[in-house]
Every structure is written in structure tokens, then in C-alpha cells.
Amino acid sequence: MANVSNERHVAVFPFPFASHFGTLFRLVRCLAADAPTVTFSFFSTPKTIESLFSPSKNVPGNIKPYVVPDGVPEGHVFSGNPEEPITLYITAVEDGKNLKGVLKAAEAEGRVWYVRCVSVVRRRLGGRDGGAVGLVYGFSELRLGDLPTGVLFGNLESPFAIMQHKMGRALPKATAIAINSIEELDPDIIQDLKSKFKMILNVSPFSAISLPSSPLPLPPSSYTDEYGCIPWLDNCKPASVAYIGFGTLATPPPVEVL
């Protein structure tokens, strides 16, 4: 009989934009520290790999970086549209010519899927205008117009919209789904998800995951509470403050916030 390797291997393929890759990399670092005999192959674009695997980051040795093409032609000048680099990347990945060589080099034996379910919403609600979504458990007040572009409206043929649709169709096949949630906060929604998928793993909040003890650099000064928000929050009544996060891809100017 042929020898079967007992080595465990996890392939990690993050979406290399906004905060997605950094957040997932933090989780992978914790897993790699807790499972030193497991190899984690981390696939991402050249710029992402360079930023995450610099010598000062003290990355565990069982996390192996692999560069995949970002799809940007040499000498290309961006138009300023934030979707342009995403479209170029998705097109390059789906083309697969360079990607196959990278995957073969890593000899990945497993896959981890991090996806959003889109296809079922599009299939059941396509063509409807306005009104509440309804079928998404726990979001009965969510209206169709509140959904992101590319789900039911907008350019549904864009590479990004097509990618979301394909991922949504693949979601039920996943062995396990790790989500950025806390079961105690949304017990009914989590139970509904558990009834629909094989395994739901609540890993949250990602931003609060502590890295393994190592001589990491101190956070930049921009992370300090220079405006005194924490003392102000301490003096507020419970459930009296709403937090709105705009993500990291775009920051609205102060005049639009205040």
C-alpha cells in the first residue's frame, strides 16, 4: 500500500483587500501557535505577503507564504475606482494560469472557505423592488435596498458579483464555517445557521484575538484614545450609544460624520 502522510496541512486563501487579509492572518497566527505540527499555506498578493511576513512580524515558522498574482499589468495606472484592483485580481485568479503553479508548489491537502451566502437571496428575491427581505432569519427589518450592490441590483455581471454568487453556491459544501460572531449575542441566528450547515464555528471578535506572546512592536499612536472616548463611554448609560464602523477601505471626511 502507498504511504499516506499524517501531516496536516491547511490552505488559507484570504480576500486581499481592506482588512480581510490582516484579520484572517491574525487568526491563522493563533492557530499556528496552538498547532505547531500543522503547516499553514497562506496565499495572497505580493504586496500583502510583503506586509504580513516582514522580519519584524515574527511569523511562526509553520505559516508558509505563497504569492499569487494581483492581476495588475506592468505600468498600469489606476483610475481611482476602488473596485478596479479587485476586478483585476479576481480576473487573474479565475484565469488560473499562474495560480495552478502556486497551488502545486504548496501541495495543499485541505481548504478553508470563508464566504458569504448570496445565491439563495438572489434566486428567491431577484426582480423584486423594495420591501423587506424576510427570508434571511434574524433580519426581518432589512429591506432590499439595504443590501450591498452586486447582490440583487447594480452590475450583477461584474467579476466581484459573480465571485460572491459562486461562493454562495459553494457554501453548503463546506465542512465548517468560521464566522465573526459570538453565539451568546445572537443565539437564535446561530442556531438557525447550525440547522442549515454542517458546522458553525464562532470565532469572535476577530479584532480582539490576542496574538501568541512574542516581542511584537507596540501599536501605532493612532490606536491610542487621544479623544478620550473610553472615559466618555464609561459615563454613558447602558445601550445608549450606537457605533457605526465604515471599514478601512474608505474613510468619510469629518464634515460627513459630525
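Residues numbered from 1 in each chain as written. Predicted model: local features only at pLDDT ≥ 70, side-chain atom pairs only at ≥ 80, totals over all residues. Heavy atoms only, no water.

For the record of the protein chain, the UniProt heading Sequence similarities (unreviewed entry) holds the text "Belongs to the UDP-glycosyltransferase family." (UniProt positions renumbered as here; feature names shortened; annotations may be inferred.)

What follows concerns the packing of aromatic side chains. This structure, assessed with the given rule, holds seven aromatic pairs. Considering the side-chain rings of Phe-15 and Phe-17, the 5.2 Å spacing of their centres and the 55° angle between planes classify their relative orientation as tilted. On the numbers, 5.4 Å between centres and 25° between planes, the contact of Phe-43 with Tyr-66 is stacked. With Phe-43 in strand 2 (residues 39-44) and Tyr-66 in strand 3 (residues 63-67), the pair connects residues that are 23 residues apart, well separated along the chain. On the basis of relative accessible area, Phe-43 is assigned to the buried category, the value being 1%. You can call Tyr-66 partly exposed: its relative accessible area is 21%. Among the aromatic residues, those joined into a ring-pair cluster are Phe-13, Phe-43 and Tyr-66. (Phe/Tyr/Trp six-rings, centres within 6.5 Å; stacked < 30°, edge-to-face > 60°. Helix = DSSP H or I, 4+ residues; strand = E, 2+ residues; numbered from the N terminus. Buried < 20%, exposed > 50% of the residue type's maximum accessible area, 1.4 Å probe, protein only.)

Position of Glu-84 among the secondary structure elements: in helix 3 (residues 84-95). Buried and without a salt bridge, Glu-84 has Lys-47 as its closest oppositely charged side chain, separated by 12 Å. A distance of 2.6 Å separates a polar atom in the side chain of Glu-84 from a polar atom in the side chain of His-76. (Lys, Arg positive; Asp, Glu negative; His and termini not counted. Salt bridge = Lys/Arg side-chain N within 4 Å of Asp/Glu carboxyl O. Polar contact = N/O pair within 3.5 Å; in protein donor to acceptor, adjacent residues only side chain to side chain.)

Attention now moves to the sheet that holds strand 1 (residues 9-12). Taken in spatial order, the three strands of this open sheet run 1-2-3, and their pairing is parallel. For this open sheet the edge positions go to strand 1 and strand 3, each flanked by a neighbour on one side alone. Averaged over neighbouring strand pairs, the angle between their axes works out to 20° when direction is ignored. Summarising the sheet, strand 1 and strand 2 pair through four bridges and their orientation is parallel. Directly across from His-9, in strand 2, lies its bridge partner Thr-39. Across the face of the sheet, helix 1 (residues 20-34) comes into contact with strand 1, strand 2 and strand 3 while running at roughly 170° to strand 2. (Pairing = 2+ DSSP bridges. Axes fitted to C-alpha atoms, helices over the stretch in contact; angles between N-to-C directions. Contact = heavy atoms within 4.5 Å.)

One broad trend across soluble globular proteins is that nonpolar side chains are buried collectively. If you look at the biggest cluster of nonpolar residues, it comprises 14 residues, and the most contacted ones within it are Phe-25, Val-28, Phe-40, Phe-42, Leu-52, Phe-53 and Ile-63. Of all the secondary structure elements, the ones that give two or more residues to this core are helix 1, strand 2 and helix 2 (46-52). The element contributing the most residues to this core is helix 1, with six residues. If near-sequence neighbours (up to four positions away) are discounted, Val-28 is found in contact with Val-12, Phe-40 and Ile-63. In terms of nonpolar packing, the next biggest core, distinct from the first, is built from nine residues, Phe-17, Val-68, Ile-86 and Met-163 among them. (Core = buried A, V, L, I, M, F, W, Y, C linked by side-chain atoms within 4.5 Å.)

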